[in-house]
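Results of the structural survey
Each chain, written out:
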Amino acid sequence: MKSLYYILFLIIFSSRYFFIICQNVPSPRREQTSTLVGTKLYFFGGNISPTLPSNEVWYLDLSSSFNISTPPWHSSTVMPVGYNFGTSCLSPIDNSTVFLVGGRTWIANTFDYSNISSVYQFNSKTSQWTIPAINNFNSSFLSRNMIQAVIDKNGKMFIFGGTNFISLTVTPNSTFYNDMNTLDISTMTWSTQIQSQSVLIYYAYTATLLSNGLIVYIGGRRGSSYANMAQIQTFDTKSYTWSTKFASGTTIASRGSHSAVLTQDGNIIIYGGSTDDSSGKLSYVLSDIAVLNTNSWVWTVPSISGINAPPLTEHSAALYKNYMILGFGATSTSALYTNNIYMLDIQNYTWVTTFNIPTTTNQEQSNSNNSANLYIGIGIGVGVFILVVVLFVVGLFIYKNRHKQEIIATPGTSKDDRILK
Ligand SMILES: *[C@@H]1O[C@H](CO)[C@@H](O)[C@H](O)[C@H]1NC(C)=O
Ligand SMILES: *[C@@H]1O[C@H](CO)[C@@H](O)[C@H](O)[C@H]1NC(C)=O
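Bear in mind the structure is a predicted one, so any value in this text is a computation, not a measurement.

Along its length, the protein carries three helices and 36 strands. Counting over 421 residues, the protein shows a buried share of 47%. Restricting the contact set of the protein to residue pairs at least 6 apart, pairs at least 24 apart contribute 54%. Entry remark: accessible area of the protein is about 20800 Å², with carbon and sulfur atoms responsible for 57%.

This part takes up the site of ligand 1. Neighbouring residues of ligand 1: N67, S69 and T354. A distance of 2.3 Å is found between an oxygen atom of ligand 1 and a side-chain nitrogen or oxygen belonging to N67. In the model, an oxygen atom of ligand 1 is placed 2.9 Å from a nitrogen or oxygen of the S69 side chain. When isolated, ligand 1 has an accessible area of 360 Å², and the protein chains bury 29% of it.

Turning to the pattern of salt bridges, a few remarks are in order. Evaluated as defined, the whole model comprises six salt bridges. For E56, the salt bridge goes to R29, with nearest N and O atoms at 2.6 Å. Of this pair, E56 sits in the loop between β5 (52-53) and β6 (57-61) while R29 sits in strand β1 (residues 29-30); the two residues are 27 residues apart in sequence, bridging distant segments of the chain. On the accessibility criterion, R29 (1% relative accessible area) is buried.

As paired strands, strand β16 (residues 156-163) and strand β17 (residues 176-184) are joined by seven bridges and run antiparallel to one another. What sits directly across from F158, in β17, is T182. Between β17 and strand β18 (residues 189-193), which pair antiparallel in sequence order, lie four residues; one of them, M188, sits at a positive phi of approximately 50°.

Cut-offs applied
- Residues numbered from 1 in each chain as written.
- Chains lettered and ligands numbered in written order.
- Predicted model: local features only at pLDDT ≥ 70, side-chain atom pairs only at ≥ 80, totals over all residues.
- Heavy atoms only, no water.
- Helix = DSSP H or I, 4+ residues; strand = E, 2+ residues; numbered from the N terminus.
- Buried < 20%, exposed > 50% of the residue type's maximum accessible area, 1.4 Å probe, protein only.
- Contact = heavy atoms within 4.5 Å.
- Areas by Shrake-Rupley, 256 points an atom, 1.4 Å probe, with all protein chains shown as cover.
- Near = heavy atom within 4 Å.
- Polar contact = N/O pair within 3.5 Å; in protein donor to acceptor, adjacent residues only side chain to side chain.
- Salt bridge = Lys/Arg side-chain N within 4 Å of Asp/Glu carboxyl O.
- Pairing = 2+ DSSP bridges.

Rendered as structure tokens:
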């Protein structure tokens, strides 16, 4: 009898617990890296207020519409290390494996540096983490951070420059690099190209791969000097040569740790970023949008409608359909971090409060899948509820019956007798 109540309690308790898990939201952070896998926008690691490197993995479910003040967050398998200032790329070969490269890696939830690997591999289908074996890895890359990798359609990843990180207590605690490292994920082979040409920027830039094979490096810095936004360095992934594009149009303020996305018509949209003072402290966080046309190399600042996102730096951005999605980041110089997401409709440069899946033919398909999922979800929910009610009623009935028997049992009748009845 008692066990029945335990089961009832367990069901009620676990359904409550399940509900709490569903409502989970990530805490504010910055310096994470993000990658879009299908309809899931993953966020890896980041620094949690005040400065604890996180090993958490969260994803935003973009398969159905939502109000951006209550984003559909889900947590996934934590990383083997705490992680910040790194970069991630989706494999174009299987469209499901994510490679995390470089970054500061920490023994989870501590401030102890982990130097185990520069590459971690996440299987988004099984949510499993592995450390891949890499041929010809260049050990000077270990702990390289404040970088942004791009990957071409054959699976070759290009990772430029960055800084390394030696220790929180050693001064100077970093060196700057301007080498080009590549990782071919089809053979897992590493190679490093030392720059013969003078390359100005070093880290905290954004890297955007155009369809013509050119990587466009925007912004970034070397120590306290920042890249000129009108002199844009590009790297040709076919000839392995650098060149500078002189951009005209609106003057855009120098910055680092901003974000950039590429539209289908070859525009790079950037948001936010920051400048530091000479001691490396955040001194100004930006909240502007600028658009670089990579056909004409002209900067413009579009007129924007809607409620602007706050100043953001060390956040991340992704383009999904017609939305530029910004996530997390520092909102001020006083190390205030956010866990909000912001969405810009890039068709008319409007900040939106609702994420609406565009109604294209493809989308309608996934919409109907979603409603099927929703009905299955509701079905399971109703099923569990009915089960709980039935169990409760059965329990109540048995309890009452037993109680009645106890009352009518004549004194001296043994328990065993009653059960036999
Ligand atoms: C989104 O949610 C917020 C907070 O609950 C609410 O104030 C706002 O009206 C909602 N927006 C829409 C478009 O439903
Ligand atoms: C922007 O475009 C979307 C459709 O793409 C539309 O729903 C919205 O009303 C437009 N907003 C403004 C301010 O024009």
